[in-house]
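# Summary of the model geometry
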Protein chains: 2
Amino acid sequence: MDIPNAIPPTPDFPTNFHVAVDVVALTINRGVLQVAVVQRHGAKSCIFSATDGYVREVDRTAHDYALPGGHVHWQNENLVDAALRELFEETAVEVSPNDLVQLGAYGDVGRDPRSGRTISIAFVAFHPSFSSPFAGSDAVSAKFMDVVDVLARPNGLEFDHERILRDAITRVRELMERTPIALKFCPDEFTLRELRSVYEVIFHHAYNPDANTNRYAERLRKYDAEVGGSPLDEAIGEFSRKFAPLAELNRLSSDRSTQRETAVLGKIEKLLTDEYRRSSSNRPTFKRDFDPANFARKAIAIDGFIEEIPGESRLSASGTGKPAQVYRRGKAKKLDPPLIVERKPGKPEKTLSK
Amino acid sequence: MDIPNAIPPTPDFPTNFHVAVDVVALTINRGVLQVAVVQRHGAKSCIFSATDGYVREVDRTAHDYALPGGHVHWQNENLVDAALRELFEETAVEVSPNDLVQLGAYGDVGRDPRSGRTISIAFVAFHPSFSSPFAGSDAVSAKFMDVVDVLARPNGLEFDHERILRDAITRVRELMERTPIALKFCPDEFTLRELRSVYEVIFHHAYNPDANTNRYAERLRKYDAEVGGSPLDEAIGEFSRKFAPLAELNRLSSDRSTQRETAVLGKIEKLLTDEYRRSSSNRPTFKRDFDPANFARKAIAIDGFIEEIPGESRLSASGTGKPAQVYRRGKAKKLDPPLIVERKPGKPEKTLSK
DNA sequence: GCAAAAGTGTTTCCCCTACACCCATGG
DNA sequence: CCATGGGTGTAGGGGAAACACTTTTGC
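Residues numbered from 1 in each chain as written. Chains lettered and ligands numbered in written order. Predicted model: local features only at pLDDT ≥ 70, side-chain atom pairs only at ≥ 80, totals over all residues. Heavy atoms only, no water.

### Here's the deal with the confidence of the model for chain A
All names here are of chain A. Per-residue confidence for chain A gives a mean pLDDT of 76, with 70% of residues at or over 70. Looking at the elements of chain A, mean pLDDT is at its lowest for helix H7 (residues 246-254), recorded as 45, and at its highest for strand S6 (residues 100-106), recorded as 97. Ignoring residues within four places in sequence, the model shows residues 130-139, a span with pLDDT below 50, making 37 contacts including any to other chains. Predicted confidence for residues 242-257 stays below pLDDT 50, and this span has 31 contacts to residues more than four positions away or in other chains. (pLDDT = per-residue confidence, 0-100. Helix = DSSP H or I, 4+ residues; strand = E, 2+ residues; numbered from the N terminus. Contact = heavy atoms within 4.5 Å.)

Here you go:
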């Protein structure tokens, strides 16, 4: 990309700044909100110290993760492009520029002890992960973690990434109310139940700032220890091992029709469908209990949000009950009126969901 | 400020970035929203070109203004501190760190043709100007301009500052609904009428994205051409001439009790009071007509927003009518429930206010 | 007395919620 | 026929807006 009239940089100001991007890639897997994290290599982790507000380098432990991100490498790279590139390089997750929403700049002195001064622009991507499966590059090992698990460990994220993650959740909730972003998590033809599930996950109390996140994280860890991971997770792990090297990933991204990729993608898709159909999985989910009838009324009332497909209906996930009306996405880019699912922002936390 | 464990910057990445801050300093003067702008020196202006999205250097005209701002000079300067410093250096406006709200990062390639690459972090300060009067430094000539006047001229602001200004107005409206920021524009003891006036200015249709701003700007220009500026503006100009040199301003800021300063400040305060009392000024204002009774009920219902001062009342500004109950600021930092003054965001633009 | 502005009371309307009820399916 | 979940109907409550009316001042 060329800049017209570009002149050499002014020498008057120190250019000892590093400009970085960080991406909070949020997704929903089996009814639980997950975030893409990477584990950087090296013996030291950069952990926030609450005593003086600085980030310091300490010996790395197994639980130190960071948000995917990195420096804006090229002078002519837009911030959004840098965020897309870093996200793909480190996690193989591909999203479009429209899926990235800027959270803001995080530029406090002392937020990165390694460089002279790092200004980080944070983005949030709320996107289904299964369409672009997950793999680690050779630079870092990456995975999706349950958000409650991340939040339950104080300073479980390096730098000021925990704060960024919390800001991202708040922002996603705002987007859910004012844009049709939830439809990305629904198939082309969906029922109101499926749409509502997305809202129920995002607005769960477990992600509130004052929630006792550890209670929820404990339940997930306990279940996983007893039952083990899901077949979907294992399939993704398999994909990850096969295509781990970064060069391979980049090659795949430019040639999407390789047999190996489509084979694994197909397998993942089948597993996903199975997992979706059978509700026998008892892994705890975090869903609030929104009233179905009134949620439906609100959603239908929004102009251009969803369109009814006349005559089409579909069985519910459990296989029983009345088949539900099927809808498709509307054309609206903004929800007017917004889909407000909780009147008071500071709602009391009730009992644990089943 | 020291950074613990600081190590030399990594040489792997190009550090050819400039990190800058821009401040949208908004205030209300005589019922009109104003923004602090500066006129940079030099023969060239950096004007946005809608044809390709780039900012180009063109010959400067008399109407080219920019938002106050500049590079983050020192490596150990926080972004907020840099914004405060630049705002003060260029406009002599002093605000506290709490008065600055970050808008986000504006970092597109090509937004500043002068440097290799400039990432700008924008802040908004919504603050009464009369408490910290206005003066230009020697680097730039600065003034407050009517926002409608700025918005009415396409590309009246350099770089992408027009977009930043529009984002700032949107943000201020959100702040007005959710925080007690409006109280900064009320005296220690105020009536609901005064509080309401602040909301009526900010939520005027003239500042909506799709408004025909030129209509409003034309009315102001016509009035000013006939009647001339206000005594307040002239007093501020006097202050500006006296204390223009930057060194003088800095000295004053560390020694606030100099006689000259207090004398001029007192004069300004008197003029302000006079101006406030007499509503004989016919300069057009931009105020929407919110229903007084229902606005009052909403404001009183918000917990901790305003406190009634029992037994105290005050005459209205026009000198007639029933004296109004006097209130003082409450302790709340957030408005719960928010003070929603317009149900539908996209309200139709009605007739011009008187 | 009249105009102007603050404040109160009241009516009406709308929307939201909760709940009851009916419907359609699988077993 | 029963359990299950989707969908509809509706009564009750709360709040907001509009409007009428009272109060208190200056002229």
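### Quick look at the protein's contact with DNA strand C
Near DNA strand C lie 20 residues; those nearest to it are Asn294 and Arg297 of chain A together with Arg297, Gly321 and Gln325 of chain B. Per the 4 Å cut-off to the protein, sugar and phosphate atoms form 58% of the nearby atoms of DNA strand C. At a separation of 2.7 Å, a base oxygen of DNA strand C approaches a polar side-chain atom of Arg297 of chain B. With respect to DNA strand C, the backbone of Lys322 of chain B contributes an N or O atom lying 3.3 Å from a base nitrogen. Per-element tally for the surface near DNA strand C: the top contributor is helix H9 (residues 292-301) of chain A, with three residues. Here the surface near DNA strand C is composed, by residue class, of four nonpolar, nine polar and seven charged. (Near = heavy atom within 4 Å. Polar contact = N/O pair within 3.5 Å; in protein donor to acceptor, adjacent residues only side chain to side chain. Nonpolar A, V, L, I, M, F, W, Y, C, P; charged D, E, K, R; others polar.)

### Topic: the protein's contact with DNA strand D
Close to DNA strand D lie 18 residues; Arg297, Gly321, Lys322 and Gln325 of chain A together with Asn294 of chain B are nearest. The share of sugar and phosphate among atoms of DNA strand D within 4 Å of the protein is 59%. Between a base nitrogen of DNA strand D and a side-chain N or O atom of Asn294 of chain B, the distance comes to 2.9 Å. In terms of residues, the surface near DNA strand D owes the most to one element, helix H9 (residues 292-301) of chain B, which gives three residues.

### A word on the pattern of salt bridges
Residues and elements named next belong to chain B. Tallied over the entire structure, the rule returns 28 salt bridges over all chains. For the salt bridge of Arg196 with Glu200, the shortest nitrogen-to-oxygen distance reads 3.0 Å. On the criterion of helical spacing, the pair formed by Arg196 and Glu200 is a turn pair, its members being four residues apart in helix H4 (residues 192-202). For Arg196, a relative accessible area of 6% translates into the label buried. Judged by its relative accessible area of 2%, Glu200 is buried. (Salt bridge = Lys/Arg side-chain N within 4 Å of Asp/Glu carboxyl O. Buried < 20%, exposed > 50% of the residue type's maximum accessible area, 1.4 Å probe, protein only.)

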